[in-house]
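# Chains, contacts and geometry: an overview
The primary structure of each chain is shown beneath.
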Amino acid sequence: RCHCCPHLPTRPYKKNEKPCMLSEYMERYPLYPITVPRGSFKPKEAYKMAQIPMGGISTTKRDYIAHEVLPQKLKPPEKHDKSDKSMDLTSTYKQDYNSYPISQVPPCLPCVTRHIPSTKMDTRTTYEDDYVLWNEPKTEPIRPNDRFHPSEEKFDHRTIVQDDYLYRGPVATQSCKPLNLVQKIKGPFENITNYRMNYVPHPLQKRYAHKNEKCKVNEVPFDGLTTHKVSYKGMVGEPARLAKPYQLKLLHDLPFSSTTEFQEKYQAWPRPPVFTKKPDVYLPPLEKMNLHATTQVHYKHPNGKPAKMCQSLAHLKKSTEPFNSSSIMKEDYKPWLCKRLKPITHVPELTFPAKPMDCLTTFQTHYVPHPLTVVKSYKPGWSGPNHHTLLDAKTTYATSYTPKGLVRCLASYKDPPGYIFDGADADGHKLYLPASKSECLQGGH
């Protein structure tokens with residue numbers, strides 16, 4: 001805005017209080033037509049509250065009527081007869097595995113000091129503080145009408161199998177399992193294998209230990225010179241020039257405009273109101289709801305009676321002969337004489353020491369801490385000159401570059417000095433000519 005026109009346009013048919021945005025930048029770089037961005041069709045997420053007050057009665061409370069429910073008859077539990085026998089609590093683990101003395105291992109974790117606050121804890125939650133109970137009556141449970149009533153006659157608990165099939169007693173059967181004729185060896189078990197016979201342990205050789213060579217001190221004194229100090233010598237040269245251009249601070253008396261080109265040219269379009277459909281008014285039905293299902297209508301509860309057997313009694317003839325329990329399997333496959341094998345348990349070879357465990361590692365037993373050895377530093381001393389003079393704060397930038405005066409823009413003046421008013425444009429811009437050119441034109445006329 002330093003080179004913009006500060007005057008307002010003076011067109012008779014177009015009056016506007018906004019300043020003219022004509023500048024040198026606008027003349028060199030004109031604006032090109034830009035397509036207007038399409039507006040968003042996304043609706044606003046605005047929740048509209050219903051104006052009709054909410055009713056406290058639901059459709060379940062209004063349509064379903066509570067009926068009387070009879071208590072259910074429960075069967076009494078059977079009595080528990082306590083046996084006189086005592087339970088054997090021994091196990092194979094207690095018989096085979098004996099306990100050995102164990103020493104307690106101290107914990108390796110460091111002691112952690114916990115800070116226990118003395119103030120009492122507030123046990124009230126946000127739910128108890130924010131949510132308050134409503135004064136509403138307790139809702140009664142809605143249950144369907146149970147029309148089933150059990151018959152009052154006593155039930156004999158007899159089935160067709162109990163009535164028709166008589167129990168003839170247990171049948172003595174022989175086991176068809178073959179006998180295990182494995183011969184047991186009386187001699188002791190030989191624990192010799194091919195590995196113990198063929199592989200002989202060889203003596204281990206001593207481990208090779210590498211000997212460190214002793215450090216030999218160099219007798220030649222250290223000169224303290226490097227390749228950089230030897231090869232590169234300080235030559236007197238010209239100081240480096242600063243390539244940064246000097247930026248002038250422009251001062252103007254015009255206030256800063258808070259409006260932009262986007263705010264002036266691109267304005268928001270008016271949006272049509274969002275179409276909302278009103279909900280239909282709910283009209284409750286006048287007729288009562290029929291709660292009968294097709295099963296209740298078609299399938300009625302008949303009097304419970306046991307089913308009669310359709311088979312005639314003439315075919316059922318009870319035989320007096322004993323039941324023949326023999327079969328082809330029992331006659332052909334006869335059981336063998338076998339005995340149950342006992343498990344083979346080896347004698348434990350591991351012997352536990354009587355002394356308690358010391359809980360020491362090989363590092364703690366073999367590695368003994370030694371005092372630290374002070375190593376002498378072989379760093380050479382500084383042989384350079386010591387300057388006691390203070391550092392000069394002057395630089396080439398501070399000495400060679402001097403600040404220059406600021407030049408005020410001629411567009412900020414109402415009447416620029418050194419120019420003569422020539423006329424006004426159709427847009428209201430004032431045109432000026434330099435004083436030297438105006439004198440030459442007058443002298444020529």
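Residues numbered from 1 in each chain as written. Predicted model: local features only at pLDDT ≥ 70, side-chain atom pairs only at ≥ 80, totals over all residues. Heavy atoms only, no water.

Stated precisely, the cut-off is as follows: UniProt positions are given in the numbering used here, feature names are shortened, and annotations may be inferred rather than shown by experiment.
An unreviewed UniProt entry lists the protein chain under the name SAXO1 protein, with Spizaetus tyrannus as the source organism. Under the Sequence similarities (unreviewed entry) heading, UniProt states for the protein chain: "Belongs to the FAM154 family."

### Here's the deal with the overall build of the protein chain
Selection rule: Runs of H or I in DSSP of at least four residues are treated as helices and runs of E of at least two as strands, each being numbered from the N terminus. When accessible area is computed with a 1.4 Å probe and restricted to protein chains, residues below 20% of their type maximum are described as buried, those above 50% as exposed, and intermediate ones as partly exposed. Pairs of residues are marked as contacts when any of their non-hydrogen atoms sit within 4.5 Å. Accessibility throughout is a Shrake-Rupley quantity obtained with a 1.4 Å probe, and a residue counts as covered only by protein chains that appear here.
Along the protein chain, the regular secondary structure elements total 13 helices and 2 strands. Within the protein chain, the proportion of its 445 residues that are buried is 3%. By sequence separation, contacts in the protein chain at least 24 residues apart represent 66% of the contacts at least 6 residues apart. Of the roughly 51,000 Å² of accessible surface on the protein chain, a fraction of 59% belongs to carbon and sulfur atoms.

### Quick notes on the environment of Gly224
Inspection of the secondary structure puts Gly224 in the loop between helix H6 (194-198) and helix H7 (227-231). Sequence-wise, Gly224 and Lys379 are 155 residues apart; in three dimensions their C-alpha atoms are separated by 9.4 Å.

### Quick word on the pairing of strand S2 (residues 430-434)
The side chains of a regular strand alternate between both faces of the sheet. Filter applied, for reference: Think of it this way: DSSP has to see at least two bridges between two strands before they count as a pair.
Direction of pairing for strand S1 (residues 419-424) relative to S2: antiparallel, over a ladder of 5 bridges. Bridging from a neighbouring strand, Ile420 pairs with Leu433 of S2. In textbook terms, the turn of a hairpin is the stretch between consecutive antiparallel strands, and for S1 and S2 this stretch comprises 5 residues, one of which, Gly428, has a positive phi near 100 degrees.

### Side note on the packing of aromatic side chains
This is how the line gets drawn: Any pair of Phe, Tyr and Trp rings, taking the six-membered ring for Trp, is counted once the centres come within 6.5 Å. Such a pair is stacked with planes under 30 degrees apart, edge-to-face with planes over 60 apart, and tilted for the rest.
Summed over all chains, the structure comprises 4 aromatic pairs. Between Phe421 and Tyr432, the aromatic rings sit 5.6 Å apart at their centres with planes inclined by 70 degrees, giving edge-to-face as the arrangement. Taken as a pair, Phe421 in strand S1 and Tyr432 in strand S2 lie far apart in primary sequence, 11 residues in all. On the basis of relative accessibility, which here comes to 47%, the residue Phe421 falls in the partly exposed class.

### What about the pattern of salt bridges?
For clarity, the cut-off: Salt bridges, as used here, are contacts in which a Lys or Arg side-chain nitrogen is within 4 Å of a carboxyl oxygen on Asp or Glu.
Per the stated rule, a full pass over the model turns up 5 salt bridges. A salt bridge links Glu261 to Lys265, with the nearest nitrogen and oxygen atoms 3.5 Å apart. Here Glu261 and its partner Lys265 are both found in helix H8 (residues 261-265), 4 residues apart, which amounts to about one turn of the helix. Judged by relative accessible area, which is 40%, Glu261 ranks as partly exposed.

### Regarding unusual backbone geometry
Positioned with a positive phi, Cys359 is a non-glycine residue whose angle comes to about 60 degrees. Cys359 gets classed as partly exposed once you look at its relative accessible area, which sits at 30%.

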